[in-house]
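# Descriptive structure summary
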Amino acid sequence: QKEVEQNSGPLSVPEGAIASLNCTYSDRGSQSFFWYRQYSGKSPELIMFIYSNGDKEDGRFTAQLNKASQYVSLLIRDSQPSDSATYLCAVNRNAGGTSYGKLTFGQGTILTVHP
Amino acid sequence: DAMVIQNPRYQVTQFGKPVTLSCSQTLNHNVMYWYQQKSSQAPKLLFHYYDKDFNNEADTPDNFQSRRPNTSFCFLDIRSPGLGDAAMYLCATSRGQGPDTQYFGPGTRLTVL
């Protein structure tokens, strides 16, 4: 079992729809969860992070975390063609505080938003 | 603007010819990371520095070395590049506390001929 699993896609949604991206992780000690967007040939760009169970909203993006199910998701509302990219889920084992941890990335989900 | 800078953006080298990639940051972050990312794969952590403390990943080949002469700069040295080392090399930084978000530089695309 991979440490962080994502459906590689491609996920295709029409413009204006909600795109739902999912990620599961195996390490119950994981504490912080990140979503990055990566355009082809570019570096990962942080969208948002979450470390508490529940939902966290930032503009058109909502991250959802369920630690009991070891599941984190990203919803993109009103999807635009410019959202077409690979979305990487990353998991950090250490909790907030003075310690830090390393990120483990999923393989990424390719999202295509068509006009 | 505070940022992570990588130079060069594109590097072409010959098989076996040493190459050095550079990363600098103006974020004053404690931690600097080097990742290797091949096409359609997740970024793979090679090593990282917390301040001057070097941390190597167990599966990072000896061919890869790193230096961090000061807080702002970090270098990746590939001593004898092979064809399999062609990849995007990503530098990232983080504060080293809290949720510890990592911020990535633009990357260096390495081609090995």
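Before reading further, recall that the structure is shown in the block above.
Report follows, based on the coordinates. (Residues numbered from 1 in each chain as written. Chains lettered and ligands numbered in written order. Predicted model: local features only at pLDDT ≥ 70, side-chain atom pairs only at ≥ 80, totals over all residues. Heavy atoms only, no water.)

### Comments concerning the interface of chain A and chain B
Counting from both sides, the interface comprises 25 residues of chain A and, opposite them, 28 residues of chain B. Joining chain A to chain B, the criterion identifies one salt bridge. Ionic pairing is found between A:Lys102 and B:Glu57, a salt bridge with its closest N-O pair at 2.9 Å. Here chain A is connected to chain B by four residue pairs in polar contact (both at pLDDT 80 or more). Of all the secondary structure elements, the ones that give two or more residues to the side of chain A that touches chain B are β4 (32-38), β5 (45-50), β9 (85-92) and β10 (103-105) of chain A. Top element by residues in the side of chain A that touches chain B is β4(A). It accounts for four residues. Of the residues in the side of chain A that touches chain B, the class split is 11 nonpolar, 12 polar and two charged. (Contact = heavy atoms within 4.5 Å. Salt bridge = Lys/Arg side-chain N within 4 Å of Asp/Glu carboxyl O. Polar contact = N/O pair within 3.5 Å; in protein donor to acceptor, adjacent residues only side chain to side chain. Helix = DSSP H or I, 4+ residues; strand = E, 2+ residues; numbered from the N terminus. Nonpolar A, V, L, I, M, F, W, Y, C, P; charged D, E, K, R; others polar.)

### Notes on the sheet that holds strand β7 (residues 64-67) of chain B
All names here are of chain B. With antiparallel pairing, the four strands of this open sheet are ordered in space as β1-β3-β8-β7. Looking along the sheet, the strands with just one partner apiece sit at the ends: β1 (4-7) and β7. Each strand axis lies, on average, 20 degrees off the axis of its neighbour in the sheet, ignoring direction. Here four bridges tie β1 to strand β3 (residues 19-25), and the two strands are oriented antiparallel to one another. Looking at β3, one finds that Gln6 is bridged to Cys23. (Pairing = 2+ DSSP bridges. Axes fitted to C-alpha atoms, helices over the stretch in contact; angles between N-to-C directions.)

### Section: the pairing of strand β8 (residues 73-78) of chain B
Residue and element names in this part refer to chain B. By the criterion of burial, β8 is predominantly enclosed, with five of the six residues buried. The pairing of β3 with β8 spans six bridges and is classified as antiparallel. Residue pairing across strands places Ser22 opposite Phe75, the latter belonging to β8. For β7 and β8, the ladder comprises four bridges, and the chain directions are antiparallel. Along β8, the bridge assignment pairs Arg67 with Phe75. (Buried < 20%, exposed > 50% of the residue type's maximum accessible area, 1.4 Å probe, protein only.)

### Re the sheet that holds strand β8 (residues 71-76) of chain A
Residue and element names in this part refer to chain A. Spatial strand order, β1-β3-β8-β7-β6: five strands in an open sheet with antiparallel pairing. Here the strands that pair on one side only, and so sit at the sheet edges, are β1 (4-6) and β6 (54-58). Ignoring which end each strand starts from, the neighbouring axes of this sheet average 20 degrees apart. Bridging between β6 and strand β7 (residues 61-66) involves five bridges; their strand directions are antiparallel. Counted as the bridge partner of Lys56 is Ala63 from β7.

### Some words on the state of the cysteines
This model, assessed by the stated rule, comprises two disulfides over all chains. Between the sulfur atoms of A:Cys23 and its disulfide mate A:Cys89 the distance is 2.1 Å. The chirality of the disulfide connecting A:Cys23 with A:Cys89 is left-handed, given an S-S dihedral of about -70 degrees. Remark: A:Cys89 occurs in strand β9 and A:Cys23 occurs in strand β3 (residues 19-25); sequence separation between them is 66 residues. In this model, B:Cys23 is linked to B:Cys91 through a disulfide, with the two sulfur atoms separated by 1.9 Å. (Disulfide = S-S within 2.5 Å.)

### Observations concerning the environment of B:His29
Residues and elements named next belong to chain B. You can see His29 is positioned in the loop between β3 and β4 (31-37). Residues His29 and Arg67 lie 38 residues apart in sequence; the distance between their C-alpha atoms is 16 Å. Among residues more than four places away in sequence, those in contact with His29 are Arg68, Thr71, Thr93, Ser94, Arg95 and Tyr103. At 2.8 Å, the side chain of His29 and the side chain of Thr93 are in polar contact.

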